[in-house]
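Letter by letter, the chains look like this.
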Amino acid sequence: MNRLEDYIPIVGEATLEELGLLATRLRGKAIQNINSTAVGGGVAEILSRMIPLLNQLGVSARWDVIKGDEKFFAITKKFHNGLHGVPVEVAADEYAHFLEVNRYNADEFQFGDVVFVHDPQPIALVEKRESLGKHWVWRCHIDFSQPDVQIWQFLRQFILRYQAAVFSAPAFSQKLPIPQVLIAPSIDPLSDKNKELDEKTIDAVFSRFAIDRSRPVVTQISRFDYLKDPIGVIKAFKLAKEHIDMQLVLAGGGATDDPEGPIIMEQVRQEADKDKDIFVLFLPPASDIEINALQRGSTIILQKSLKEGFGLTVSEALWKGKPTIAGAVGGIPLQIAHKYSGILTRSVEGTAQWIKQLISAPDYARQLGINGREHIRNNFLITRHIKDYLLLFLSLFEEGEVIYL
Amino acid sequence: MESFHFFTKLDQTLLLGLRARTIDELLTGIRSVSDASIYFHTHRFLHQHHFLSPEPPNDFAYWVTNVLGDDVLGEKLWSIDTARFGDIRGLRAKLIAILESHLDSLRRASDCQAGEEFHFMACRTFVLPTAYVAHDLIQFAEVLARVSIGSVYFHMFDAKLRLKSGENDFSRWFRDQGKFVLANETKRLDPYSYTLDGLRQRIVALVRQHESS
C-alpha cells in the first residue's frame, strides 16, 4: 500500500499540506462509497487506491458494494450499453427487478453522513434519502454524452433526488436542476502501469517482442475496437513511413463485446502481415509493466480514437514525458492543449503529418513531452483526484461561490 | 508591524450543462452565465497550465482559434488586457463588445465539429488559512518561495478581480509596511504575462531587492 509521503517527491509538500487542510474540515463525518463491484473495472481500481489514502489523511472513508443477482447485472449491462448510445430494449419487469434489488440493498446498509454512489447500478438507493436525510452525491464514471432516451428518463428521476451529480468530462453534463461537478479521472504515478522503470526493464520488453529500439517507434495502446481506430492508425503510419523509416506497435487487450471487434482484429492482422515493421501485440490482463515499458520506450504515442470516454491512456503517455498525438474527442482535449502539451488531430492525414513532424523535430517533440508531463502532474494524478473528492464532500455542507473554511 | 497570513484557495469545477457551437451561441452564453463562469474561463488556463510559457488565460480565445479556426477573432480575445479590469462586469462587457463587433463585420457563422463544442463551466472557490505567516520582508520572501501555487494565485488574482479589493494582497501589505516603491512595483506587474511560478519568482526577487532598503 502506498503512503501519502510517497507522493511528496512527485507533487511537492505544499500539495499534501493542502490535502491535510481540507481533510481536517471533514473530521467526524463518515464518507461512504457505494458501487457494484469490489474488483475489476476502473471504479474498483480507483477506490481501492483512494480509500487508504483518504484514511491516512484522517478522513473516515469506507467502501461498500451492493449485492445483485445475474438478472440484475444483465439489466445494468443493458443500461451501460444504452447510455453509450447502443440501441437496447429494457422491459417493464426488468426495471422492476432493478428497483427491487436496490431496495433490498438499501434496507441492508448502514448509511454514512455522505453517501457517495458510483454509476447507475446502485442509483436508486437514493430513495432512502427522504426518510434518512444525509448528504447524497451521484458519480457517473461513464460517457453520458448521447444516452438512450428511455434509460436516461428512468435514471434521471433518481439523479434529481441527489444533492449533486459528478461527471468525468464537460461533454457528459446534462441539463439538470441540481449542481453538476466536473471531476476528471486520474492515474496513480506509483502503480505498475506508471511507475518509473529502468532502461534494462524497457529493453527486455522490447527485445521480447523483437522491436528495434534504434529506430523510431510509434505506439498506440488500446483495445482492438473500431472506436480506437487501429485501421486509421495503420493508414497514418503507412503515409508517414513513405518518408521516414519507423515501426508501429499496436498493443492492447482482445476483443470486447463490440460485435465488430473480431472483424477489426482480422483487418488489423491482415494489415500487419503485409509489413514487418507493424507489431500487433495482444496483451493478457495484468500486463501493466509491459504497457509501461512499451510507452516509455516509444518515440511517439498515438491515441487516435474516434470516440472516447476520458482516454486515460493519454495521461499515462504524457506522464512518461512522451510526445503524444491524439484524437480531439471525449476527455482528450482536457489532457492535451494543442501544440503545448501534445497534438490533437482529426484525420488520418493530419495524424501522419504530425508523426513526421515530431520525429523530424525532436527538440519540439521533447518540449511537448515535458509540458505534457507537467500538465498531468498538476491536473491528472491521484492527488488531484483526492483534492476534488474532499472539495466535493465539503461542498455538500456549504453554500456560495466563495467559501471561507 | 502587522503580519501577513498566507491563505490558499482550491477550486471545484462546476458544469453548467450549457454549450456553444458557434460564435453566436458563445456570445449568448457569455451574456447569460454567472460571474464565476466568466472568471473560470478567463483564468482556468493560467491555473491548469502554470508551467507553460506565458499565455493569456482565456478559454474563449483558445476555442475560437483552435476549434473554429478563426485566428482574427482569436487574437482579439487573446489580447484582452485582463489586468486592467477591476471586476468581472467590465471583463464580460469587453468580451461581449469584441464578439458583437466581429459578428457585425463578418456576417458568417461557422459551426464547430460535433464533439468540440464550447462547454460553459464555473467554479466554487474554497479559501483556507495556511500555517504560513510572515512578520517581515525577509520572512515574506522565504515563505512566498515555498507556499502552494494556489496561495500565490489567491493573493494575486482572486483578491483583486474576484473579491474586488482593488489591488492584490501583496501590494497592499507592502504599502502597510511603508514599502511604497515595492508596493507600486508589485501592483504594476501584469500577472497574466507570467507563468505562476515565474510570477512567484519575480515577486520574491522584487522583495529581496527591497529587504534592506
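Notes on the structure in this doc start here. This is a predicted model, so every value here is computed, not measured.

Calculation rules
- Residues numbered from 1 in each chain as written.
- Chains lettered and ligands numbered in written order.
- Predicted model: local features only at pLDDT ≥ 70, side-chain atom pairs only at ≥ 80, totals over all residues.
- Contact = placed C-beta atoms within 7 Å.
- Helix = DSSP H or I, 4+ residues; strand = E, 2+ residues; numbered from the N terminus.
- Nonpolar A, V, L, I, M, F, W, Y, C, P; charged D, E, K, R; others polar.
- Pairing = 2+ DSSP bridges.
- Axes fitted to C-alpha atoms, helices over the stretch in contact; angles between N-to-C directions.
- Buried ≥ 20, exposed ≤ 12 C-beta atoms within 10 Å, placed from the backbone.
- Right-handed = clockwise from strand over helix to strand, strands pointing away.
- Core = buried A, V, L, I, M, F, W, Y, C linked by C-beta atoms within 7 Å.

Section: the interface of chain A and chain B
Next, step 1: Contact with chain A, which involves 36 residues of that partner, is made by 28 residues of chain B.
Next, step 2: Secondary-structure elements contributing two or more residues to the side of chain A that touches chain B are helix 2 (13-24), strand 6 (180-182), helix 15 (362-379), helix 16 (382-395) and strand 13 (402-404) of chain A.
Next, step 3: Partitioning the side of chain A that touches chain B into residue classes produces 20 nonpolar, ten polar and six charged.
Next, step 4: Sheet topology places strand 13 of chain A next to strand 2 (residues 118-134) of chain B; three bridges connect them, and they run parallel. Bridge pairing in strand 2 of chain B links A:V402 to B:T125.

Focus on the sheet that holds strand 5 (residues 164-167) of chain A
Sheets are built from strands that pair by backbone hydrogen bonding, the pairs being arranged parallel or antiparallel.
Next, step 1: Spatial strand order, 2(A)-1(A)-3(A)-4(A)-5(A)-6(A)-1(B)-2(B)-13(A): nine strands in an open sheet with mixed pairing. Unpaired on one side and paired on the other, strand 2 (60-65) and strand 13 of chain A mark the two borders of the sheet. Adjacent strand axes in the sheet meet at a mean angle of 25°, parallel and antiparallel pairs treated alike.
Next, step 2: Contacting strand 1 (30-35), strand 2 and strand 3 (114-118) of chain A, helix 3 (residues 42-56) of chain A runs over the sheet at an angle of about 155° to strand 2 of chain A.
Next, step 3: Sheet contacts for helix 16 of chain A: strand 1, strand 3, strand 4 (135-139), strand 5 and strand 6 of chain A together with strand 1 (4-20) and strand 2 of chain B; angle to strand 1 of chain B, the most-contacted strand, approximately 85°.

Quick look at the pairing of strand 8 (residues 247-252) of chain A
Residue and element names in this part refer to chain A.
Next, step 1: Most of strand 8 sits out of view: five of its six residues are buried.
Next, step 2: Bridge count for strand 7 (residues 217-221) against strand 8 is five bridges, and the pairing is parallel. Note on strand 8: the bridge partner recorded for I221 is A251.
Next, step 3: At this point the chain moves from strand 7, through helix 9 (residues 230-241), to the parallel strand 8, and the crossover so formed is right-handed.
Next, step 4: Across five bridges, the pairing between strand 8 and strand 9 (residues 278-282) is parallel. When the bridges of strand 9 are listed, A251 appears paired with L281.

Examining the nonpolar core
Residue and element names in this part refer to chain A.
Next, step 1: Within the largest apolar cluster, 112 residues are counted, with the highest numbers of intra-cluster contacts made by V117, W138, V166, F167, I355 and L390.
Next, step 2: Looking at this core, the element that brings in the most residues is helix 16, giving seven residues.
Next, step 3: Residues within four places of V117 in sequence aside, it is in contact with I34, P122, I123, L125, V126, W136, W138 and R139.

Description of the environment of B:S193
Next, step 1: The topology assignment puts B:S193 in the loop between helix 9 (180-188) and helix 10 (196-210).
Next, step 2: In the structure, B:S193 is positioned 111 residues away from B:T82 in sequence and 10.0 Å away in space, judged by C-alpha atoms.

As for the sheet that holds strand 7 of chain A
Residues and elements named next belong to chain A.
Next, step 1: Overall, parallel pairing links the six strands, which are arranged 9-8-7-10-11-12 in an open sheet. Two strands bound the open sheet, and with one partner strand each, they are strand 9 and strand 12 (343-345). Recorded for the sheet is a direction-independent mean angle of 20° between the axes of neighbouring strands.
Next, step 2: Note: strand 11 (residues 324-327) against strand 12, three bridges, orientation parallel. What sits directly across from G327, in strand 12, is T345.

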